[in-house]
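Listed below, chain by chain, are the residues.
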Amino acid sequence: MNNNDMDQKAKELQNVLEQFYLTTDNPKRKEIDTILNNYKAQSDSYEHVQYYLVHSDNQYVIWFSLSVIEDKVNKAWNSISASSQTQTKSLLLDIYLNKTGANSNSTVKTVLPQFIISKLGQVIADIGRYEFESNPQNYLLNITNLVRNPSTSIRGINLLQCISESFTTNKKVISQQKKTILKKLLHQNSPIIIQVLVECLGQLFDQNAEKKFKHANLLAFHVGSPDTNTYTASFNAESKNLTKAVFDALLSYFTWIPLGDLLVPSLFDILFKYLRLDKNSIPALECLNEIVSKNLVPKGFESFLMRIFHQVYSLLTDIVSNGGQQINQYHPEFLNKFTQFIQIFINNHLGRIETNPNFPIPDFLGLLFQYSFFQTQPESFLQCIDIWSTFLDYLINLSQENGTTPPSKYTDGLLLFQSELVKRILYTFSNNTLSELDDEDKEINENGISETQLESYIKKCIEVVAKVTELYPEKSLENLYPLFTQNVTSFFCKAEESIKQGVSMENEQQFQCLVKDVTTILHLFGRLADQFVVSFAQTFTAANFIFQKLLDMCLFSVNQYIYKFGSDWEKLQIELLCTIRSFCFWLAEYGNQVRAVVGQQPDFDSNITKLISIIVPLFERNAPESVLTSAGKLLMSLATISKPLNLFTQMDMLISNIHNICAPLSPSIQSIIYPAISCTILLPPSNVNLSQQWDQRRPKYSPFIKGITASFLEIPQIPNFVEGKIFCKEELIQRVLRVLKVVTAIIRTVPEVTQAKSILHDGIQDTLKVTLGLFRVYIGYPIVLEAILDFFFVLFEFLKAQVGVVFTQQTISTFLDILGGDNLNQLLSSGNDTGISIIKKLIEILTFIVQQPGNSFESLLGSTIEFSMEKLYPMIANTSSLLRSPFFTLLNSVLDNHWKHCQQNQINSILTAFQSIFKQNDVNLFKQNLDHFEKLNSKLKLYEKISSMEPVFGCSFISMFFDVLISDTQSVHTDDIIVTIYRFASLNFDKFFNEFFTTFLVQKNQLSNEQKQILRSNFSNATDQPTFSSNMTQFINDFSYFSFINS
């Protein structure tokens, strides 16, 4: 084919590729992709693309040409002649060195873009895999010569990075054996590579940097101190690119080379020099971060740790000099990386340095203290606070493990840190910083709690203040008392005085920041309340003072309706209630103490009476729901945590009047208050005459619960309730929902006392039958069905014994009967979230019932399996439905608890369902079900049962797991899958190695017989788990590799 023909083909290829990359039509792209793949497969495409690389300057054509050569290199390099190999390599290297802008002596005008340069380097490195194995020293000599040649230096450096990535690849494009050999050889020769890169950095530094000023030796280190001079540099564009390329290459090797091989003084010295550049060398920090992040520490590392510590110390000294003005000279990204560096250093090596007398940790902490509080951005400051949190956790754990008091050498410094940290969360001291934080939009944090950016910031700081308090409780509390005794009390005095003078609090400027600060201080003391319990006797006077003041402030806030003054005042009232609630454990300890001291019970009771008199008026006023919610939760904590001796008597009037109080309140608030009253009645204090207590409490409970359910019990008696469609009226629907919500909440909070559960069950027994009857009536109303199912789930969970087997069976049968047909289709086919929620709740109920011990619910087993496998499973099997996870938890519970009661066909269908889902790409569900299998195997010998069912040992399940590994769809779970296969194989290794492998490989038509033989012979018959796992890794890699080269 002449050049004109080749040029024409190049133009045609360019046209096709431009269509492929520029079109947004997916079917068209798929069609073009097929054409391109067919062209790649042609026997002459390899020769064609080499012509294109020389004569075309179109990016798409060059990229495609390189991908064709890449395929040839990875799949059939050894099938082409040595001369053709040499020609291809020379062509690529020529382009790489002379057409990419690397060679200043080149006359080529057009410079290829970076993505093509990177592709070129990768393909050249892929070719190098074949040469390196036979003569690694000579191969590396050629590359290092490129590095040392100024005209090709950057490409040589890039190529060293490509070699690291190509020779240690996880891609299944080379055999496992070759991977192992390549990595071993590269590791053995890595000192040469590190050395040449370090030399390159040194030369660049010497050419472009000069000493700015020299530090005095700040500390008397016992190890040779590294260079801590500060340097200034003026790198031109070319030098900057070279420097970045070297650091990128180093970082590539650092990710896999063991730490012991990196302990080279020259390497650390040059990294430290770049670290001291006044232009802030971020790449040097990234390399150091990678080094200190390695946890496997070799012998002799301590001297290097000392060098690193010295550098951190010296650099911290520079940054915090001039009263914090110097920090502005550093690039924000450099400071971010430096903070990460300190964090990794402390996380991984604190235990090594803290107990070593050669490391002046208190001095280091002094610098870290300044560095932390010189931070101007909240995110940067919180990064530093994380470091302190790690340090404090270390001291707390050390103290607890050794049973000793925390080191006194840190006391004064940490108390000062605590004081300064508190200032960072108060507007009085940090108005600018706090005002910048968003206090409107809420996000879900790592614990699933919704909070604003400001709330998150304050909470994280308070947690660290609490850790200091845990270490040094008495001195910390003494340090923090003035916040409460002065700031909080004076604030309420000012507020009271202003109100008396008729000041409009909504617009009063002097309170705008103060109200926020007092809210934060209250939050802080609420968090510290547990310390008053731990040191009850020592802190009683102070804690009692705080508690009395909290009651006075709360009374003031209720009487003055402070929530009407604005949102910040509303938050203050909520925090007052929450802080008192935090003191409920202290109140419980106080109550226990006064029982043993004659004459002190009246004082304690007066506190409880006062608290009740503060809470109750809030329910009788039109207070915001957020305030009422906090008040209701405080009432619940009083009943269930504090459990005052005379609470039942003190609450008598409230109990009698509770229905009048709750009537105007929303169902959400009622579902907090009513459970609190229920617990007050059903939870007697300890160490009292229980028989007498129940005689007093039972008569109170019946009218209490009837007052809630009476309007609900009337519903079925309404004339024409069903026939006249009266049940559809909104008023009746809301009545049903309200009562179910409240009673469900009451059941959920019932005390774990048999007598209490019996009293509750007696009170709601007539409600159960009415509720079950309404399920059929409201089948067309998902919101009601959801409430009913939620009610019964909680009922079975908390009152299982009281409800009894017969009613439970009747209820479950009703659910399955009603939801088992068209109703199920309607609930799920619409994609309705409520419908999905209803079936999810039904699955959870079935799971709970199935998990109950004994044979009580065996009669429900058949209908449960039938509903699950015949009706529900077909609807969710091949979807991404949220029901799949709870559904398989139900199936697992069936096998776990009732294997011996299941028929063989039922077991088969369940196992088939598991197997089908294992083949899908749902990573989370796969892991869940694999964990189910492992637990079932431990308990029931599941794998032995499965193997005995199959004509060929483990064929279906082991084959399926092998196929999953080969497909790489669950790569994140590879190790777990191999463990599962090992457990199967260990049942009968002889059958596994003979029967299974023979059957499995025979079925794989994509491999040649020779390849199958290689796979089998490489998998030794060793039965220990480490060797087996290694064999599995090699098998999966090589199977995929053979499939790849055959494709």
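Source: prediction; values computed, not measured.

Moving on to the overall build of the protein chain. On a plain count of helices and strands, the protein chain comes out with 48 helices and 4 strands. Along the longest, intermediate and shortest principal axes, the C-alpha atoms of the protein chain span 105 × 80 × 55 Å. Within the protein chain, the proportion of its 1047 residues that are buried is 52%. Look at the contacts in the protein chain between residues 6 or more apart in sequence, and 73% of them connect residues 24 or more apart. When the accessible surface of the protein chain is split by element, carbon and sulfur atoms take 49% of a total near 46,300 Å².

Looking now at the packing of helix α13 (residues 301–319) against helix α15 (residues 361–373). Working note: a packed helix pair is described by the angle between its axes plus the distance between those axes. Put simply, α13 and α15 touch, their axes get as near as 9 Å, and they point 40° apart. On the basis of their axis angle, the class for α13 and α15 is oblique. The two elements α13 and α15 meet at a crossing, and its hand is left-handed. Residues F309, V312, Y313, L316, T317 and I319 of α13 pack against I361, D363, F364, L367, L368 and Y371 of α15. Classifying every residue of the contact of α13 with α15 by side-chain character gives 10 nonpolar, 1 polar and 1 charged.

It is worth spelling out unusual backbone geometry at this point. The phi angle at K643 is positive, at roughly 45°, despite the residue not being glycine. Relative to the assigned elements, K643 resides in the loop between α27 (625–642) and α28 (647–650). Taking relative accessible area as the criterion, K643 reaches 33% and is therefore assigned partly exposed. Of note in this structure, N720 is not a glycine but carries a positive phi near 55°. Counting through the fold element by element, N720 comes out in the loop between α31 (690–713) and α32 (730–748).

Turning next to the pattern of salt bridges. Overall, the coordinates contain 34 salt bridges when judged by the stated rule. A salt bridge links K442 to E455; its shortest N-O distance comes to 3.2 Å. Here the residue K442 occupies a position in strand β3 (residues 442–444), and E455 occupies one in helix α19 (residues 453–471), the gap between them amounting to 13 residues. The residue K927 makes a salt bridge to D976 at a minimum N-O spacing of 2.9 Å. A residue pair is termed long-range when its members are at least 10 positions apart, and K927 in helix α42 (residues 923–940) and D976 in helix α45 (residues 974–985) qualify at 49 residues. Shared partners join several salt bridges into a network, and the residues in it are R748, D790, K840, K841 and E844.

Below, the discussion takes up the packing of aromatic side chains. Per the counting criterion, the structure on display carries 95 aromatic pairs. Ring geometry for F992 versus F996: centroids 5.3 Å apart, planes at 10°, classification stacked. One end of the pair, F992, and the other, F996, are both in helix α46 (residues 989–1002), 4 residues apart, so they sit about a helical turn from each other. Accessibility assignment for this pair places F992 and F996 in one class, buried. These aromatic residues form a ring-pair network of at least three members: F962, Y982, F989, F992, F993, F996, F997, F1000, F1019, F1028, F1035 and F1039. The ring centre of F20 lies 4.3 Å from the NZ or CZ of R29, which sits over that ring. Positioned above the aromatic ring of Y96 is the side chain of R155, whose terminal nitrogen or guanidinium carbon lies 5.8 Å from the ring centre.

Turning to the confidence of the model for the protein chain, a few remarks are in order. Taken as a whole, the protein chain shows an average pLDDT of 91; of its residues, 97% reach a score of 70 or greater. Of the regions scoring below 50 in pLDDT, residues 216–225 engages in 16 contacts with residues more than four places distant in sequence or in other chains.

Turning next to the packing of helix α16 (residues 378–402) against α19. At a minimum axis separation of 9 Å, α16 and α19 run at an interaxial angle of 25°. As judged from the angle between their axes, α16 and α19 are roughly parallel. The hand of the α16/α19 crossing is left-handed. Contacts between α16 and α19 involve P378, E379, F381, L382, I385, S389, L392, D393, L395, I396 and Q400 on the former and, on the latter, Q453, Y457, K460, C461, V464, K467, V468, E470 and L471.

Counting across every chain of the model gives 0 disulfides. Looking at C287, it has no disulfide partner, and the nearest cysteine sulfur is the one in C200, 13 Å off.

What follows is about helix α2 (residues 26–41). With 16 residues, α2 should cover 22 Å at 1.5 Å per step; its first-to-last C-alpha distance of 23 Å lies within 8% of that length. Inspection of α2 places I32, L36 and Y39 among the buried residues, and these make up the whole buried set. Each buried residue of α2 lies within a common arc of 55° when the element is viewed along its axis, so the set occupies one face. In this structure, α2 carries N26, P27, K30 and A41 as exposed residues pointing more than 90 degrees from its buried face. Buried-residue contacts for α2 involve α1 (3–22), α3 (45–55) and α4 (59–76).

A few words now on the environment of I319. Mapped onto the elements of the fold, I319 is located in helix α13. C-alpha separation for the pair I319 and Q370, spaced 51 residues apart in sequence, amounts to 9.3 Å.

Let's shift gears to the environment of W694. Relative to the helices and strands, W694 is located in helix α31. Residues W694 and A756, spaced 62 residues apart in sequence, show a C-alpha to C-alpha distance of 8.7 Å.

Our next topic: the side chain of S947. Note on placement: S947 falls in helix α43 (residues 942–949). Using a relative accessible area of 10% as the deciding quantity, one classes S947 as buried. Side-chain polar atoms of S947 contact the backbone oxygen of Y943, separated by 2.8 Å.

Positionally, I174 belongs in the loop between α8 (153–167) and α9 (176–208). Spatially, the C-alpha atoms of I174 and M6 are 33 Å apart, while their sequence positions differ by 168 residues. Ignoring sequence-local partners within four residues, the contact set of I174 consists of R129, T169, K179, L182, N1037 and Y1041.

Moving on: the side chain of S430. Tracing the backbone shows S430 in helix α18 (residues 427–436). Aside from chain neighbours lying at most four places away, what touches S430 is K423 and R424.

Scoring rules and cut-offs
Residues numbered from 1 in each chain as written. Predicted model: local features only at pLDDT ≥ 70, side-chain atom pairs only at ≥ 80, totals over all residues. Heavy atoms only, no water. Helix = DSSP H or I, 4+ residues; strand = E, 2+ residues; numbered from the N terminus. Buried < 20%, exposed > 50% of the residue type's maximum accessible area, 1.4 Å probe, protein only. Contact = heavy atoms within 4.5 Å. Areas by Shrake-Rupley, 256 points an atom, 1.4 Å probe, with all protein chains shown as cover. Axes fitted to C-alpha atoms, helices over the stretch in contact; angles between N-to-C directions. Parallel < 35°, antiparallel > 145°, perpendicular 65-115°, else oblique. Left-handed = near helix turned anticlockwise from the far one by under 90°. Nonpolar A, V, L, I, M, F, W, Y, C, P; charged D, E, K, R; others polar. Salt bridge = Lys/Arg side-chain N within 4 Å of Asp/Glu carboxyl O. Phe/Tyr/Trp six-rings, centres within 6.5 Å; stacked < 30°, edge-to-face > 60°. Lys NZ or Arg CZ within 6 Å of the ring centre and 35° of its normal. pLDDT = per-residue confidence, 0-100. Disulfide = S-S within 2.5 Å. Expected span 1.5 Å × (residues − 1). Arc of directions from axis to C-beta. Polar contact = N/O pair within 3.5 Å; in protein donor to acceptor, adjacent residues only side chain to side chain.

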